[in-house]
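Below are the chains, spelled out letter by letter.
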Amino acid sequence: MSSRFPGLFGIRLKDLVLFFPLLILPATSALAADEPDLIFRRSTVFKWVSPNDKLATYGLDDPEVEGVACHFTVPEKGGFKGWLGLAEEVSDVSLACRQVGPIKFKNKLEQGDDMFRRRRSLFFKKMQIVRGCDVKRNVLVYMVYSDKLIEGSPKNSTSTVPIMPWGTSDTNIEKCGDFFTQ
């Protein structure tokens, strides 16, 4: 008689325990680099025993456009479901993006490319910040919205960043239309 414990689909439990960390380690290190900086949180709904509902404000540099930073505020569910990561977060997100230095494009981009994504529920809902270019006005346009596998939300927020000289020595103003494909 075998002393091994039959695990999921005939896989030995010992093999599963050894293999699982190999699956999540690359994903966690890749996600850690893309995490926004928490600026602050404020409680909005008091809970007696479990964590409060909060608003959290985060800062994020555009990884493809040097000189642009975005800040967004998202509601975070408290309670035991929120604490365990099981609560579905609401789609209310505000966004503000600004020029924080000379603007330099690192690569060619497409209209509506994802700049940032974050999971907002255990399975099917995610928040996305996408970017585009208003060629006529030479303005970067950022939009944040939430979507679900089945049904998204029309709630969104938009912010624009006009590409301007940064200081007296910045004479080379890039045109976003040169870097975005239609």
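Refer to the structure printed above.
Rules and cut-offs
Residues numbered from 1 in each chain as written. Predicted model: local features only at pLDDT ≥ 70, side-chain atom pairs only at ≥ 80, totals over all residues. Heavy atoms only, no water. Salt bridge = Lys/Arg side-chain N within 4 Å of Asp/Glu carboxyl O. Helix = DSSP H or I, 4+ residues; strand = E, 2+ residues; numbered from the N terminus. Disulfide = S-S within 2.5 Å. Buried < 20%, exposed > 50% of the residue type's maximum accessible area, 1.4 Å probe, protein only. Polar contact = N/O pair within 3.5 Å; in protein donor to acceptor, adjacent residues only side chain to side chain. Contact = heavy atoms within 4.5 Å.

Caption draft 1: View of the pattern of salt bridges. A full pass over the atoms with the stated rule returns three salt bridges. In this structure, Arg131 engages Asp62 in a salt bridge whose closest nitrogen and oxygen atoms are separated by 2.8 Å. Remark: Asp62 occurs in the loop between strand 2 (53-61) and strand 3 (65-76) and Arg131 occurs in strand 7 (residues 125-134); sequence separation between them is 69 residues. The salt bridge involving Asp134 is made with Arg137; its shortest N-O contact spans 3.0 Å.

Caption draft 2: Looking closely at the state of the cysteines. The final tally for this structure, using the stated rule, is two disulfides. The disulfide that involves Cys70 links it to Cys97, with 2.0 Å between the sulfurs. Residues Cys70 and Cys97 are joined through a disulfide that is right-handed, its torsion about the S-S bond being 110°. Here Cys70 is found in strand 3, whereas its partner Cys97 is found in strand 4 (residues 94-105), with 27 residues between them in sequence. Relative accessible area serves as the criterion here: at 0%, Cys70 is assigned to the buried category. The disulfide that involves Cys133 links it to Cys176, with 2.0 Å between the sulfurs.

Caption draft 3: Quick peek at the side chain of Asn138. Considering the arrangement of structural elements, one finds Asn138 in the loop between strand 7 and strand 8 (139-148). In this structure Asn138 comes out as buried when scored by relative accessible area, which is 10%. In this structure the side chain of Asn138 is engaged in a polar contact, spanning 2.8 Å, whose partner is the backbone nitrogen of Cys176. Beyond its immediate stretch of four places on either side in the chain, Asn138 contacts Pro162, Ile163, Ile173, Glu174, Lys175 and Cys176.

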